[in-house]
Amino acid sequence: MGVISGNLPLYLQGFGTTLFLLLITTVIALPLGVVIAAMRISPIASLRTSAAVYTEVLRNTPLTLVFFFEAFVLPKLGTRLDFEVGAIVALTLYTAPFFAEAIRSGINSVPVGQAEAARSIGLGFTQTVMLVVLPQAIRSVIPPLVNVIIALTKNTSVASGFFVFTLVSAGQRLASANGDQVIAVLVGVAVFYVIITIPLGRFADWFEKRVAVTR
Amino acid sequence: MGQPAQTDSLLVIERVNKHFGALHVLKEVSLRVAPGEVVVVIGPSGSGKSTLCRAINRLETIDDGTITIDGAEIPSEGAGLATLRADVGMVFQSFNLFAHLTVLENVTLGPIKVRKLSKAAAEERALVLLNRVGVANQAQKHPAQLSGGQQQRVAIARALAMEPKLMLFDEPTSALDPEMINEVLDVMIGLAKDGMTMIVVTHEMGFARKAAHRVVFMADGEIVEDTTPSEFFDRPNSPRAKEFLSKILTG
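Residues numbered from 1 in each chain as written. Chains lettered and ligands numbered in written order. Predicted model: local features only at pLDDT ≥ 70, side-chain atom pairs only at ≥ 80, totals over all residues. Heavy atoms only, no water.

### A few points about the overall build of chain B
- Within chain B, the regular secondary structure consists of nine helices and 10 strands.
- Computed over C-alpha atoms, the radius of gyration of chain B comes to 18 Å, within 12% of the 18 Å expected from 2.2 N^0.38 for 251 residues, which places it in the range of a compact globule.
- In terms of overall dimensions, chain B has C-alpha extents of about 55 × 40 × 35 Å along its principal axes.
- Within chain B, buried positions represent 56% of all 251 residues.
- Residue pairs in contact within chain B that sit at least 24 positions apart in sequence constitute 66% of those at least 6 positions apart.
- Carbon and sulfur atoms make up 49% of the accessible area of chain B, which totals about 10,800 Å².
- Side chains of chain B give 26 positive and 30 negative charges; the mean places of these two sets differ by 2 Å. (Helix = DSSP H or I, 4+ residues; strand = E, 2+ residues; numbered from the N terminus. Rg over C-alpha atoms; globule rule 2.2 N^0.38 Å. Buried < 20%, exposed > 50% of the residue type's maximum accessible area, 1.4 Å probe, protein only. Contact = heavy atoms within 4.5 Å. Areas by Shrake-Rupley, 256 points an atom, 1.4 Å probe, with all protein chains shown as cover. Lys, Arg positive; Asp, Glu negative; His and termini not counted. Charge placed at Lys NZ, Arg CZ, Asp CG, Glu CD.)

Next up, the structure:
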């Protein structure tokens, strides 16, 4: 275990990057997910279709492939992203549809009569979604959203294959430098992931119970 | 019966057709309603009466024909449609009060967001309306804490808060326990007496006799009879109306 305490700065560096990727991606992808979910229930058919196509394409492409596309296709088009920016873009493009689907399932859990009542007092589509549907969807949407964030936490590890120094990169470097303590090194990596994901899961549980009581 | 002249009509429905897949739910339906008129739409389930009611504020689209309210044809979408809906009050069978808002917020949401009233002005008016329907003392509660009859009266107040030209009631008492039906009907009778234009899909014959100017009987997507309540209940013309009445009277 000395290998962990002895290399704490390196772990913390990777941990910091992982946390950074997670936070920035969530902050961008979550509003994007709301927009995509709204497009999918919009009265305008072209918005519905483009949102559905985007969702299906990204949701069914392995994240690594999204990174590869960015790494090889963008330079051909004459642009090159900084590695960290590239990772954020790839993670955002990939995660937003999962957020959107979680939000859409929450929207579908709100009885259709709520939206009909909203429209019948003259609220427009955006007002109906923002004032009536989303505030009610939020209760059932938090647990699945947290699941997406937990998956995103672990997906940030893919960025380590594309020159971003995440927790996994720290693990790789330490493992190759300390061949005799690989297990301890990897356990250390796992512990840092758990530091992020367990509180998230606990929050989802707590929220679910709270909603169950107030309902 | 003296049909109102064409220019006097607040609502004009002209040769409207609607299909649900292969099912022809509205067949060449035409109807005129004058300002202040109370029209009860009655008929067996599946006759298209609810669909007709919902088509008037375009919660259901129509395949062809026109629906005109106060001289303006219903727009198919966009801001124009929202404006029209604000002028047409709707009361649903299942109340559909906004579950996350208090009773007071339910009634003030439209006036604040659509009519652009100040919160204070909207609340003042909302309390007057809630008082009128007899639930002012429940203003701070959430809908789930109210009885069905109270919820439906709040729903009526919510619709009235928009100062609609026309009120639609889609089976407003069908989801209520029997002992709560009258408290809702009393509010509706009061509205009718005050001159509100109303289209009411209901089986409540007491309401039809007390408050309606006309009864429209629908069967299989068509308007079969359009007459006064006493004519309809005492001397129905068509075999289908006779059959329907015999069923609900012996019901």
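Past the structure itself, the notes keep going.
### Quick word on a nonpolar patch on the surface
Residue and element names in this part refer to chain A.
- A grouping of Leu65, Phe68, Phe69, Phe72, Val73 and Leu77 is seen on the molecular surface, where their side chains present a nonpolar patch of about 610 Å² in accessible area.
- Within the secondary structure, phenylalanine 68 is located in helix H4 (residues 63–76).
- Exposure remark for phenylalanine 68: the relative accessible area of 38% places this residue in the partly exposed category. (Patch = residues over 30% accessible without salt bridge, like charges linked within 9 Å, V, L, I, M, F, W, Y side chains within 5 Å. Salt bridge = Lys/Arg side-chain N within 4 Å of Asp/Glu carboxyl O.)

### Overview of the interface of chain B and chain A
- Taken together, the contact pairs 21 residues of chain B with 15 residues of chain A.
- Taken over both partners, the interface formed by chain B and chain A buries close to 1,600 Å², and the fraction arising from carbon and sulfur atoms is 61%.
- A per-residue breakdown of the area chain B buries against chain A is headed by Arg85, Phe98 and His100 of chain B, which together make up 30% of the total.
- In this assembly, chain B and chain A are joined by one salt bridge.
- We note a salt bridge from arginine 54 of chain B to glutamate 116 of chain A, for which the minimum N-O separation is 2.6 Å.
- Looking at the side of chain B that touches chain A residue by residue, the class counts come to 12 nonpolar, four polar and five charged. (Buried area = accessible area lost by both parts, 1.4 Å probe. Nonpolar A, V, L, I, M, F, W, Y, C, P; charged D, E, K, R; others polar.)

### Overview of the sheet that holds strand S4 (residues 64–69) of chain B
Residues and elements named next belong to chain B.
- Across the sheet, which stays open at both edges, the four strands sit in the order S2-S1-S4-S5 with antiparallel pairing between neighbours. Edge positions in the sheet fall to strand S2 (23–33) and strand S5 (72–73), since each has one partner strand and no second.
- Two elements, strand S1 (residues 11–20) and S2, share seven bridges in a ladder whose sense is antiparallel. Of the residues in S2, the one forming a bridge with isoleucine 13 is leucine 31. (Pairing = 2+ DSSP bridges.)

### So, the packing of aromatic side chains
- Counting across every chain of the model gives 12 aromatic pairs over all chains.
- Centroid distance phenylalanine 67 of chain A to phenylalanine 162 of chain A: 5.0 Å. Interplanar angle 25°. Geometry classified as stacked. One end of the pair, phenylalanine 67 of chain A, is in helix H4; the other, phenylalanine 162 of chain A, is in the loop between helix H7 (125–155) and helix H8 (167–177), with 95 residues separating them in the sequence.
- Judged by its relative accessible area of 3%, phenylalanine 67 of chain A falls in the buried class.
- Relative accessible area serves as the criterion here: at 13%, phenylalanine 162 of chain A is assigned to the buried category.
- One aromatic cluster is present, built from ring pairs that chain together Phe67, Phe68, Phe72 and Phe162 of chain A.
- Lying over the aromatic face of phenylalanine 98 of chain B, arginine 158 of chain B brings its terminal NZ or CZ to 4.5 Å of the ring centre. (Phe/Tyr/Trp six-rings, centres within 6.5 Å; stacked < 30°, edge-to-face > 60°. Lys NZ or Arg CZ within 6 Å of the ring centre and 35° of its normal.)

### Considerations on the nonpolar core
- Membership of the largest hydrophobic core comes to 59 residues, with the highest contact counts inside it found for Tyr11, Leu21, Phe67, Ile103, Ile107 and Leu167 of chain A.
- Secondary-structure elements contributing two or more residues to this core are helix H1 (2–6), helix H2 (8–40), helix H3 (45–59), H4, helix H5 (83–108), H7, H8 and helix H9 (182–214) of chain A.
- The residues contacting leucine 21 of chain A, other than those within four sequence positions of it, are Glu84, Ala87, Ile88, Leu91, Thr156, Ala159, Val164 and Thr166 of chain A.
- Counting 51 residues, the second-largest nonpolar core is a separate cluster that includes Val91, Ala219, Phe232 and Phe233 of chain B. (Core = buried A, V, L, I, M, F, W, Y, C linked by side-chain atoms within 4.5 Å.)

### Some remarks on the environment of glutamine 145 of chain B
Residue and element names in this part refer to chain B.
- Locating glutamine 145 in the fold gives a position in the loop between helix H4 (119–132) and helix H5 (148–160).
- When its relative accessible area of 52% is taken as the criterion, glutamine 145 is described as exposed.
- Note: C-alpha distance between glutamine 145 and asparagine 17 (128 residues apart in sequence) is 41 Å.
- For glutamine 145, the side chain forms a polar contact with the main-chain nitrogen of histidine 142, separated by 2.8 Å. (Polar contact = N/O pair within 3.5 Å; in protein donor to acceptor, adjacent residues only side chain to side chain.)

### Remarks on the packing of H5 of chain B against helix H6 (residues 178–193) of chain B
Residue and element names in this part refer to chain B.
- Taken N-terminus to C-terminus, the directions of H5 and H6 make an angle of 20°; their axes are 8 Å apart at the nearest point. When the axes of H5 and H6 are compared, the pair comes out roughly parallel. Relative to H6, the crossing made by H5 is right-handed. Here H5 contributes Gly148, Gly149, Gln150, Gln152, Arg153, Ile156 and Leu160 to the contact with H6, which in turn contributes Met180, Glu183, Val184, Val187, Met188 and Leu191.
- Its residues assigned to classes, the contact of H5 with H6 comprises seven nonpolar, four polar and two charged. (Axes fitted to C-alpha atoms, helices over the stretch in contact; angles between N-to-C directions. Parallel < 35°, antiparallel > 145°, perpendicular 65-115°, else oblique. Left-handed = near helix turned anticlockwise from the far one by under 90°.)

### Comments concerning the side chain of asparagine 106 of chain B
Residue and element names in this part refer to chain B.
- If you trace the backbone, asparagine 106 turns up in helix H3 (residues 103–113).
- Within the structure, asparagine 106 has its side chain in polar contact with the backbone oxygen of leucine 101 (distance 3.3 Å).
- Among the polar contacts made by the side chain of asparagine 106, one reaches the side chain of arginine 158 at a distance of 3.5 Å.
- Non-local contacts of asparagine 106, meaning those with residues more than four positions away in its chain, are made with Leu97, Phe98, Leu101, Pro143 and Arg158.

### Details of the sheet that holds strand S8 (residues 198–201) of chain B
Residue and element names in this part refer to chain B.
- Spatially, six strands are ordered S6-S7-S8-S3-S9-S10 in an open sheet, and the strand pairing comes out mixed. The sheet is open, and its two borders are formed by strand S6 (88–91) and strand S10 (222–227), each paired with just one other strand. Put simply, the sheet's adjacent strands are angled 15° from each other on average, direction ignored.
- Note that strand S3 (residues 38–42) and S8 share four bridges and pair parallel. In the strand pairing of S8, valine 40 is matched with valine 200.
- Sheet strands touched by helix H2 (residues 78–87): S6 and strand S7 (166–170). Its angle to S6, the strand with the most contacts, is close to 70°.
- Against the sheet, H6 touches S3, S7 and S8, its axis set at about 150° to S8.

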